[in-house]
Amino acid sequence: MGLFEWLFGKKRPEYGTVPDRVSPSSQPQRATWPPQQGGPVPYTSPPPLDFRNVYLSWRRRRSKQPVAAIADQTLIGPVPAQTVRPANWLLGNLGGTRQHPDPYFDARRVSSHNMPALPHLDAMAELLGTPRSELQWLAHRPVQEIAKSHVHYRLFEVRKKSGGTRLLAAPLPRLKAVQHQLLDKLISRLPVHGAAHGFRRGRGILSGANVHVGKDVLVCFDIKDFFPTFSFRRVSGYFRWLGYGRGIANAIALLTTAALHEATTGGKGQWTPAYNTRHPDLVRRHHPELPQGAPTSPGLANAICWRMDKRLSALASKFGGDYTRYADDLTFSGGQDLARHADNLIKLVRKIVRTEGLELNEQKTRVMRKGRQQRVTGVVVNEKTNLSRRDFDKLKAILHNCAKHGPAGQNRADHPDFKGHLQGRVAHAMHIGPERGAKLKAMFDKIVW
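So, here's what we can say about the structure.

About the criteria used
Residues numbered from 1 in each chain as written. Predicted model: local features only at pLDDT ≥ 70, side-chain atom pairs only at ≥ 80, totals over all residues. Heavy atoms only, no water. Helix = DSSP H or I, 4+ residues; strand = E, 2+ residues; numbered from the N terminus. Buried < 20%, exposed > 50% of the residue type's maximum accessible area, 1.4 Å probe, protein only. Contact = heavy atoms within 4.5 Å. Phe/Tyr/Trp six-rings, centres within 6.5 Å; stacked < 30°, edge-to-face > 60°. Pairing = 2+ DSSP bridges. Axes fitted to C-alpha atoms, helices over the stretch in contact; angles between N-to-C directions. Expected span 1.5 Å × (residues − 1). Arc of directions from axis to C-beta. Core = buried A, V, L, I, M, F, W, Y, C linked by side-chain atoms within 4.5 Å. Salt bridge = Lys/Arg side-chain N within 4 Å of Asp/Glu carboxyl O. Polar contact = N/O pair within 3.5 Å; in protein donor to acceptor, adjacent residues only side chain to side chain. Parallel < 35°, antiparallel > 145°, perpendicular 65-115°, else oblique. Left-handed = near helix turned anticlockwise from the far one by under 90°.

Regarding the overall build of the protein
Helix and strand content of the protein: 19 helices and eight strands. Going through the 449 residues of the protein one by one, you find that 39% of them count as buried. Of the contacts made within the protein by residues no fewer than 6 positions apart, 66% connect residues no fewer than 24 positions apart.

This is the structure we're talking about:
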């Protein structure tokens, strides 16, 4: 034995190979105790133990089990190779039919969530009051060469208060009508956590702000790219979790999500593909997502966030506080216990939001303690819900100038209906703070239109 082998041992065989066993005749003869007749019995070393096969045998057995083939229900019949197929021929299998319903539809699970039974796409078409062919055409996403005749969204840009522009995708009338039916018949029945106050009947900015009135500390968060985070896969997977089949889940996701580069940016009578524009959002967003501007997007986002709202609500109760969410605005409030552990709360919220597939906008995280103005979604909640002093003074000055000099010279933002715009702002102020709102209403009544 050389020095190297004495120090480090002999070279081990390669992983996965078993060295050949030494024949018994070539092995040394070792005596056994007690002595046996016939001389010593030759000693044979046991075979090397393969730890991977011994301790991971369950994984090997599982991998060898045959996987059941996915049943493919052919609903449009065989198509000869020489036949010219239409642009949406693949959607003939979407969702199933009465003769061939979706085999993955779980009626018991769907009924447990109090949702309508949709075993095939024909049942969904009856629920929405739309022909099956119409749903297939609206769900179809063609290639760019034929996208002009299948575009269903138009892009708009609106200015943000913080600067920059926000990209909105508004559905065209035919798709918008179907989305309204989806919202009324299906999406409005989805389970939503009680902490969600945005885009729900009977709830709004005021109901969410009332929860946090008179608290010692407020901790507010903002989710980055809230609607774009909910992609086609998340929407389809959510409806699969509810118990719907793969075809129905994909059909709903196709009707409620959009790839922004497939939309048009032209005006009336013009068609300019959105992928020709240089908006920064179009550069980094290629997958279908919930479009900002569709009536179904807020309801779907609230439903998918049910588990996150449940976890954050339980976290707030651990610190003796309350939690609400309005779209992408998360608000926590509580007493001295929450005020002392505000830093730990921020870390835990960041971790929970990240595990749910979302991301916080760290620049908008705020901790507002007692003694300064506390605002929740634009509503002051220090002692009672009220309009902020800055917004009140600004609207008061506009109403005073309109009554004194006339409303024609005060429409600096070029609102097409300036009277309706001011009337809506006054009604919002009366809804939040009745005392200040009554003063603004009296000033509005003095304006001569």
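On we go from here.
Thoughts on the packing of aromatic side chains
Under the definition given, this model contains eleven aromatic pairs. Relative to F239, the ring of Y238 lies with its centre 5.6 Å away and its plane at 80°, an arrangement referred to as edge-to-face. A relative accessible area of 0% means that F239 is categorised as buried. Ring plane angle 50° and centroid distance 6.2 Å describe the contact between F239 and Y244, whose orientation is recorded as tilted. Residues F239 and Y244 agree in their burial class; the two are buried. By the ring-pair criterion, three or more aromatic residues cluster together here, those being F105, Y238, F239, W241 and Y244.

A closer look at the sheet that holds strand β4 (residues 322–326)
If you walk across this open sheet you meet the four strands as β4-β5-β3-β6, and the pairing is antiparallel. Each edge of the open sheet carries a strand with a single partner, namely β4 and β6 (366–369). Within this sheet the neighbouring strands show an average axis-to-axis angle of 15°, counted without direction. Looking at chain direction, β4 and strand β5 (residues 329–334) are connected through five bridges and run antiparallel. From the neighbouring strand, D322 faces β5, where its bridge partner is S333. The sheet strands contacting helix α14 (residues 306–318) are β4 and β5, and the helix crosses β4 at an angle near 150°. Packed onto the sheet, helix α16 (residues 342–355) meets β3 (217–222), β5 and β6 and runs at close to 25° relative to β3.

Remarks on helix α17 (residues 389–405)
Between the first and last C-alpha of α17 there are 24 Å, a value that for 17 residues agrees with the 24 Å anticipated at 1.5 Å per step. Among all positions of α17, only F392, L395, I398, L399 and C402 are buried. The buried residues of α17 all sit within an arc of 135° when viewed along its axis, so they share a single face. Seen from the open side of α17, the exposed residues pointing more than 90 degrees away from its buried face are R390, K394, K404 and H405. Against α18 (418–432) and α19 (434–445) lie the buried residues of α17. Once α17 finishes, G406 follows within two positions and takes phi at roughly 100°, a positive value.

Some words on the nonpolar core
Within the largest apolar cluster, 69 residues are counted, with the highest numbers of intra-cluster contacts made by M124, L190, F239, Y244, L255, F332 and V349. In terms of residue count, helix α11 (residues 246–256) provides more of this core than any other element does, seven residues in total. Setting aside residues up to four positions removed in sequence, F332 forms contacts with H212, V217, L218, V219, F221, L312, A316, D322, Y323, L338, L345 and V349. Counting 13 residues, the second-largest nonpolar core is a separate cluster that includes L387, F392, F418 and V426.

Focus: the pattern of salt bridges
Side chains carrying opposite charge are able to pair once their charged atoms draw close together. Inspection of every chain in the model, using the stated rule, returns 14 salt bridges. In this structure, the salt-bridge partner of D216 is K370, at a minimum N-O distance of 3.9 Å. Of this pair, D216 sits in the loop between α8 (205–210) and β3 while K370 is found in the loop between β6 and β7 (375–376), placing the two residues 154 residues apart along the sequence. Relative accessible area serves as the criterion here: at 58%, K370 is assigned to the exposed category. One salt-bridge network, in which partners are shared between bridges, spans R307, R311 and E356.

Things to note about the environment of R234
Considering the arrangement of structural elements, one finds R234 in helix α10 (residues 232–242). We classify R234 as partly exposed; its relative accessible area is 26%. With residues near it in sequence (within four places) discarded, R234 still touches T229, I304, E356, G357 and L358.

With respect to the side chain of T256
Mapped onto the elements of the fold, T256 is located in helix α11. Within the structure, the side chain of T256 is placed 2.7 Å from the backbone oxygen of I252, a separation counted as a polar contact. If sequence neighbours within four positions are ignored, T256 has contacts with Y153, Q179, L182, V235, E289, L290, P291, T296 and L300.

Re the packing of α14 against α16
Interaxial distance between α14 and α16 falls to 10 Å at its minimum, and their mutual angle equals 165°. Classified by the interaxial angle, the pair formed by α14 and α16 is roughly antiparallel. α14 and α16 meet at a crossing whose hand is right-handed. The residues of α16 that touch α14, namely those facing M308, R311, L312 and L315, are L345, L348, V349, I352, V353 and T355.

As for helix α6 (residues 132–139)
With six of eight residues buried, α6 is to be regarded as a mostly interior element. By the burial criterion, the buried members of α6 are R132, E134, L135, Q136, L138 and A139. On its buried face, α6 sits against α5 (121–128), α7 (173–185) and α11.

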